[in-house]
Amino acid sequence: MVYTEFMNSVKSFLRMDTDVTMYDEELRSLIESALATLAVAGVEGSKRPLVTDFVNTYVRVRMLQDASNTFRESEYKREQILIQQLVYGG
């Protein structure tokens, strides 16, 4: 499936070793959710760098349970900016 293309990128973005597999199911689910969000927005082309950045950000903000509100808000803002670039100018 498509999410396998993003798994290593997401793990690297999270600073997680690729050999760690205990979170793989949750990561796959979040990657699929991120890609579904992009599909609803009409974004295609899963190999574009902005798509990878969006998926990485989408997963990170939902995986980090102990993040501060400020960090979480900045990540949601980054997510919004990326999807705007993809929809209107990416």
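What comes next concerns the included structure. (Residues numbered from 1 in each chain as written. Predicted model: local features only at pLDDT ≥ 70, side-chain atom pairs only at ≥ 80, totals over all residues. Heavy atoms only, no water.)

1. A short note on the packing of helix α3 (residues 49-63) against helix α4 (residues 69-89)
Line of reasoning, step 1. One way to put it is that α3 packs onto α4 with a least axis distance of 9 Å and a crossing angle of 155 degrees. Considering their axes alone, α3 and α4 lie roughly antiparallel with respect to each other. α3 and α4 meet at a crossing whose hand is left-handed. Where α3 abuts α4, its residues Leu50, Val51, Asp53, Phe54, Thr57, Tyr58, Arg60, Val61 and Arg62 lie against Phe71, Arg72, Glu75, Tyr76, Arg78, Glu79, Leu82, Ile83, Gln85 and Leu86.
Line of reasoning, step 2. Along the lines of polarity and charge, the residues of the contact of α3 with α4 split into 10 nonpolar, two polar and seven charged. (Axes fitted to C-alpha atoms, helices over the stretch in contact; angles between N-to-C directions. Helix = DSSP H or I, 4+ residues; strand = E, 2+ residues; numbered from the N terminus. Parallel < 35°, antiparallel > 145°, perpendicular 65-115°, else oblique. Left-handed = near helix turned anticlockwise from the far one by under 90°. Contact = heavy atoms within 4.5 Å. Nonpolar A, V, L, I, M, F, W, Y, C, P; charged D, E, K, R; others polar.)

2. Focus on the packing of helix α2 (residues 24-40) against α3
Line of reasoning, step 1. Where α2 contacts α3, the two axes come as close as 9 Å, and the packing angle between them is 130 degrees. As the angle between them shows, α2 and α3 are arranged oblique. Of the two possible hands of crossing, α2 and α3 adopt the one that is right-handed. Between α2, through Glu26, Leu27, Leu30, Ile31, Ser33, Ala34, Leu35, Thr37 and Leu38, and α3, the contact on the second element is made entirely by Val51, Phe54, Val55, Tyr58, Val59, Arg62 and Met63.
Line of reasoning, step 2. Partitioned by chemical class, the residues of the contact of α2 with α3 number 12 nonpolar, two polar and two charged.

3. Regarding the packing of aromatic side chains
Aromatic rings in a pair are described by how distant their centres are and how their planes are angled relative to each other.
Line of reasoning, step 1. Applying the stated rule across the entire model yields one aromatic pair.
Line of reasoning, step 2. Its end group placed over the ring of Tyr58, Arg62 keeps NZ or CZ at 3.6 Å from the ring centre. (Phe/Tyr/Trp six-rings, centres within 6.5 Å; stacked < 30°, edge-to-face > 60°. Lys NZ or Arg CZ within 6 Å of the ring centre and 35° of its normal.)

4. Things to note about the nonpolar core
Line of reasoning, step 1. Within the largest apolar cluster, 21 residues are counted, with the highest numbers of intra-cluster contacts made by Leu27, Ile31, Leu38, Val51, Phe54, Val55 and Val59.
Line of reasoning, step 2. Of all elements in the fold, only α1 (3-13), α2, α3 and α4 reach the threshold of two or more residues within this core. (Core = buried A, V, L, I, M, F, W, Y, C linked by side-chain atoms within 4.5 Å. Buried < 20%, exposed > 50% of the residue type's maximum accessible area, 1.4 Å probe, protein only.)

5. What to know about α2
Line of reasoning, step 1. Helix length check: α2 (17 residues) gives 24 Å between terminal C-alpha atoms against 24 Å at 1.5 Å per residue, within 8%.
Line of reasoning, step 2. Taken together, the buried positions of α2 are occupied by Asp24, Leu27, Leu30, Ile31, Ala34, Leu35 and Leu38. All buried residues of α2 project into a common sector of 135 degrees when viewed along the axis, lining one side. Seen from the buried face of α2, the exposed residues on the opposite side, beyond 90 degrees, are Glu25, Ala39 and Val40.
Line of reasoning, step 3. In the stretch just after α2, Gly42 is the one whose phi turns positive, near 85 degrees. (Expected span 1.5 Å × (residues − 1). Arc of directions from axis to C-beta.)

6. Overview of the side chain of Glu79
Line of reasoning, step 1. Turning to its location among the elements, Glu79 is positioned in helix α4.
Line of reasoning, step 2. Residues contacting Glu79, with those up to four places away along its chain left out, are Phe54, Thr57, Tyr58, Val61 and Arg62.

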